[in-house]
Amino acid sequence: MAEMAASGESPEILFWVGCAGSFDERYKAVTQAFVKILNKVGVSFAVLGPEEACTGDPARRAGNEFLFQMQAVANIQVMNGYEVKKVVTACPHCFNTIKNEYPALGGNYEVIHHSQFLQQLINEGKVVLQGGGEFKGKKITFHDSCYLGRANDVYEAPREVIKALDVELVEMKRCRTKGLCCGAGGAQMFKEPEPGKKDINIERTEEALATGASAIAVGCPFCLTMMTDGVKNKEREHDVKVYDLAEMIAKDMGI
Amino acid sequence: MSILPQILFILVLGVAGYILYKRVSFLRRNIFLGKKETRNDQTNQRWKTMLLVAFGQKKMFKNFIPAFLHLLIYVAFVIINLEVLEFIIDGLGGSHRIFAPILGSAYGLAMNFFEFLAIAVLISCIAFLIRRNVMKVERFTKPELKGWPAMDANLILVIEIILMMAILTMNATDQILAERGLEKYTLLNGLFFSSMLQPLFIGMNDVTLVFIERFAWWFHIIGILAFAVYVTYSKHLHIFLAFPNTWYSNLKPKGEMKNMPEVTNEVNMMLGIATEAGTETPTEIGRFGAKDINDLSWVNVMNAYSCTECGRCTAECPANLTGKKLSPRKIMMDVRDRAEEVGKSIDAGGPGLEDGKSLLGDYITKEEINACTSCNACVEACPVNIDPLSIILQLRRYVAMEESGTPAQWNAMFQNMETSFSPWKFSPSDRFNWADQVKNEEAK
């Protein structure tokens, strides 16, 4: 972003990478896949790079409002400084926070989740899917992220993206408004679960496996981790893969 | 003719009215122990939400069978209360079925419809008793329902059954007396359901029948008034509070957490950002987050009084499903119990909020709130738009900012965020490293 601003360019979108997208080994691949799609399509975009900080979501959900606002205000200053108008992110937690919680602190942007952006690109014919890729005809199930679904009522965009891959979309028993959390929200990602009789991601993975799907599609870095761990726990990693939507699209596009 | 019954009736009505007035004032005061919060925007949307969710029971119909049975009881409750209007006029004026001559044959039809509803309520209540006590539907067997709450639920169902039996008994004997041509009794053209009870009474003499008919009449009206008072002590308050509760629903996206402007002021000061209100002395800063009910918003407390403990929230809660201690229903029950405790203490001249107890600690434990994934399943599940998550998050704010009592792993996460601007301990300068691989590939 700094480079573009220096040369007087203003990109169409700011791609908010997020901490997982920047540092998590598995989710970096999602970031890369999404960027490749953007490059291929020729979308003018920028990232903040080292100027990006955590949105503060986990701090706020864990109760630390001070820390949240410190992160948020700093991010808003950076984004307002670059006169950012439109933000796209591959993380529902970042999406929710920037979209719903930054306006109260002076950050007003149009914020969309990458599933919505991908759907737009497909609808506009900018992303042309070959349809004959490795997913063709396969059973795929989609895991609703709480911060995309219930929190922001985005249920159809990710499903439209998956359907565009010419696959058989199979739903879990608990889906859409009744979707079961992967167990990582509300800052649970950063601590061990409280004592109980089962881990939430195992419960959810069992439900996903029960659909007979060969891949579980997600649209959230935390869900990706939790579902991947769940599949490993069930020793099914050889025949059931967990993918982010952007990875599936990039694969189909052969990039 | 004696006017003694009329005097007695006025007395009963007066006593019930007085008790109800006291009870409503008590509840109102308790609800407003919560902090001020203004939710009067988007009035059109609010009326619409109330009509759909409370009046139309939209969210109940996610599960058809209980929703249908519940609808029958609800419709009967609303419509049979029209008959109570006649009861009151008759009671005050010493008349008997005052609407019968006015409405003519429509009256008989209406009575038949009311009887049908009474039967529907009877069947529904029996079905609900079976669901609770025989089938033991899982959400009715959770630990927070042990004792009074389970008893409360069964009592409500039994009282409703008894009240409906009183109507049917009254109608059955009333019509036998009318057929025998007793003064004051009006013959209606057959009451379908109560006529089935008539063989029980047909052999009795007029005096006994009049006694039974009068007894059933008084039992029904006193029963209804007593039930109205009982409701104010019971989870059954939802029959009234569901309406304001849905009107004051949160209309914002469920994922949004409310901003804390008092923190914003401090953060802006620390970062040297001028704020519009910067020059004004900040209003007295209370507690950060919530420790007790007076730290919550009055909407949170009204939520608690509107909760009928159906447990749909707890049944959907991922933490509860996997054996954690958290139950969103218990959160609501705890808020109500604490509000009741504080309210009673204040009324008795006691210490009220300063009784050395608090919502957090004495009612709700950290283990419970720490188990929440903030997934909003409980909020989505509630048929009357109660928001347990809002309470949980306010309690967490208190723990984090006033007690520094968050779990050690969260404290570590806070520290990472303070030093590296990420919940994980990575160098901020490495944030862009993912791009190297893309650049390399594209360079090829």
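Rules of the game
- Residues numbered from 1 in each chain as written.
- Chains lettered and ligands numbered in written order.
- Predicted model: local features only at pLDDT ≥ 70, side-chain atom pairs only at ≥ 80, totals over all residues.
- Heavy atoms only, no water.
- Contact = heavy atoms within 4.5 Å.
- Buried area = accessible area lost by both parts, 1.4 Å probe.
- Polar contact = N/O pair within 3.5 Å; in protein donor to acceptor, adjacent residues only side chain to side chain.
- Helix = DSSP H or I, 4+ residues; strand = E, 2+ residues; numbered from the N terminus.
- Nonpolar A, V, L, I, M, F, W, Y, C, P; charged D, E, K, R; others polar.
- Buried < 20%, exposed > 50% of the residue type's maximum accessible area, 1.4 Å probe, protein only.
- Pairing = 2+ DSSP bridges.
- Salt bridge = Lys/Arg side-chain N within 4 Å of Asp/Glu carboxyl O.
- Phe/Tyr/Trp six-rings, centres within 6.5 Å; stacked < 30°, edge-to-face > 60°.
- Lys NZ or Arg CZ within 6 Å of the ring centre and 35° of its normal.
- Lys, Arg positive; Asp, Glu negative; His and termini not counted.
- Expected span 1.5 Å × (residues − 1).
- Core = buried A, V, L, I, M, F, W, Y, C linked by side-chain atoms within 4.5 Å.
- Domains from an automatic or database assignment.

Enquirer: Hey, could you run me through the interface of chain A and chain B in this one?
Expert: How big an interface is tends to be stated in terms of the accessible area lost upon association of its parts. The interface of chain A with chain B comprises 70 residues on the first partner and 62 residues on the second. With both sides pooled, the region where chain A packs onto chain B buries about 5800 Å², and carbon together with sulfur makes up 65% of that total. Considering only the side of chain A, the residues that lose the most area to chain B are Phe23, Phe66 and Phe190 of chain A, jointly responsible for 13% of the buried surface there. At the boundary of chain A and chain B, one finds 33 residue pairs in polar contact (both at pLDDT 80 or more). When residues of the side of chain A that touches chain B are traced back to their parent elements, those giving at least two are helix 2 (18-23), helix 3 (25-41), helix 4 (57-61), helix 5 (65-81), helix 6 (92-101) and helix 9 (200-209) of chain A. Looking at the side of chain A that touches chain B, its residues break down into 30 nonpolar, 22 polar and 18 charged.

Enquirer: How should I be thinking about the pairing of strand 1 (residues 13-16) of chain A in this particular structure?
Expert: Two faces make up the sheet, and in a regular strand the side chains alternate between them. All names here are of chain A. The alternating pattern of strand 1 places Ile13 and Phe15 and Leu14 and Trp16 on opposite faces, both of which are buried. Two strands pair when backbone bridges link them, and strand 1 and strand 2 (residues 45-46) are joined in this way by two bridges, in the parallel orientation. What sits directly across from Leu14, in strand 2, is Ala46. In this sheet, strand 3 (residues 86-89) lies alongside strand 1 in parallel orientation, the contact comprising three bridges. By the bridge assignment for strand 3, Phe15 is matched with Val88.

Enquirer: Looking at this structure, how should I read the pattern of salt bridges?
Expert: Where charged atoms of side chains with opposite charge meet at close range, the side chains can pair. Throughout the structure, instances matching the rule amount to 46 salt bridges over all chains. Between Glu65 of chain A and Arg397 of chain B there is a salt bridge, with the nearest N and O atoms lying 2.7 Å from each other. Residue Glu65 of chain A is found in helix 5, and its partner Arg397 of chain B is found in helix 18 (residues 388-401); the two belong to separate chains. Across the pair, Arg397 of chain B and Glu65 of chain A agree in class, each one buried. For Glu367 of chain B, the salt bridge is made with Lys325 of chain B, and the minimal N-O distance between the two is 3.8 Å. Here Glu367 of chain B, found in helix 16 (residues 366-370), pairs with Lys325 of chain B, found in the loop between helix 13 (318-321) and helix 14 (328-347); they are 42 residues apart in sequence, far enough to count as distant. Via salt bridges that share partners, Arg174, Lys198, Glu203, Arg204, Glu206, Glu207 and Lys234 of chain A belong to a single interconnected network.

Enquirer: Please explain the packing of aromatic side chains as it appears in this structure.
Expert: Within a pair of aromatic rings, the relevant descriptors are the distance that separates the centres and the angle that separates the planes. Taken as a whole, this structure holds 28 aromatic pairs over all chains when the rule is applied. Between Phe23 of chain A and Phe426 of chain B, the ring centres sit 4.6 Å apart and the planes meet at 10°, which makes this aromatic pair stacked. Taken together, the positions of Phe23 of chain A in helix 2 and Phe426 of chain B in the loop between helix 19 (408-420) and helix 20 (434-443) put the pair across two chains. In this structure Phe426 of chain B comes out as partly exposed when scored by relative accessible area, which is 34%. Measuring from ring centre to ring centre gives 5.4 Å for Phe87 of chain B and Trp217 of chain B, while their planes differ by 5°; the resulting arrangement is stacked. Taken together, the residues Phe87 of chain B in helix 3 (residues 64-93) and Trp217 of chain B in helix 8 (residues 206-231) connect sequence positions 130 residues apart. We note that Phe87 of chain B, like Trp217 of chain B, is buried. Put simply, the rings of Phe32, Trp47, Trp247, Tyr248 and Trp298 of chain B touch in pairs and so form one group of aromatic residues. Sitting over the ring of Trp410 of chain B, Lys191 of chain A keeps its end group 5.3 Å from the ring centre. Directly above the ring of Tyr233 of chain B sits Arg23 of chain B, whose terminal nitrogen or CZ lies 3.6 Å from the centroid.

Enquirer: Help me understand the environment of Asp244 of chain A, please; the structure alone is not making it clear to me.
Expert: Residue and element names in this part refer to chain A. Within the secondary structure, Asp244 is located in strand 8 (residues 241-244). Looking at Asp244, the relative accessible area reads 0%, which means it is buried. For the pair formed by Asp244 and Met227, sequence separation is 17 residues and the distance between their alpha carbons is 11 Å. Ignoring sequence-local partners within four residues, the contact set of Asp244 consists of Tyr27, Val30, His114, Val218, Gly219, Cys220 and Leu224. Separated by 3.1 Å, the side chains of Asp244 and Tyr27 make a polar contact.

Enquirer: Sorry if this is basic, but what is going on with the environment of Pro103 of chain A here?
Expert: As for its placement among the helices and strands, Pro103 of chain A is situated in the loop between helix 6 and strand 4 (110-113). Spatially, the C-alpha atom of Pro103 of chain A lies 9.3 Å from that of Ile76 of chain A, the residues being 27 residues apart in sequence.

Enquirer: Where do I start with the side chain of Arg131 of chain B in this structure?
Expert: Residues and elements named next belong to chain B. Examined against the element boundaries, Arg131 turns out to sit in helix 5 (residues 105-133). An unpaired buried charge is present at Arg131: no salt bridge exists, and Glu138, the closest side chain of opposite charge, is 11 Å distant. Once residues lying within four places of it in the same chain are set aside, the contact partners of Arg131 are Pro66, Lys136, Val137, Arg139 and Phe140.

Enquirer: Sorry if this is basic, but what is going on with the side chain of Thr232 of chain B here?
Expert: Residues and elements named next belong to chain B. On the secondary structure map, Thr232 appears in the loop between helix 8 and helix 9 (238-247). At a separation of 2.6 Å, a polar atom in the side chain of Thr232 contacts the main-chain carbonyl oxygen of Val229. Here Thr232 is in contact with Leu20, Arg23, Leu27, Leu237 and Arg336, once residues within four sequence places are set aside.

Enquirer: Is there a simple way to think about helix 3 of chain B in this case?
Expert: The α-helix winds at 3.6 residues per turn, so residues separated by three or four positions along the chain end up facing the same way. Under the 1.5 Å per step criterion, the end-to-end length of helix 3 of chain B is 44 Å for 30 residues, consistent within 8% with the ideal 44 Å. Gly94 of chain B lies just past helix 3 of chain B and shows a positive phi near 75°.

Enquirer: For this particular structure, what's the right way to read the nonpolar core?
Expert: Nonpolar side chains in soluble globular proteins generally cluster together in the buried interior. Residue and element names in this part refer to chain A. In terms of nonpolar packing, the biggest core is built from 71 residues, with Ile37, Phe117 and Ile249 touching the most fellow members. The element contributing the most residues to this core is helix 3, with seven residues. Formed jointly, this core draws a minimum of three residues from each of two domains, domain 1 (2-118) and domain 2 (129-252). Not counting residues up to four positions away in its chain, the partners in contact with Ile37 are Leu118, Leu121, Val127, Ala246, Ile249, Ala250, Met253 and Ile255.

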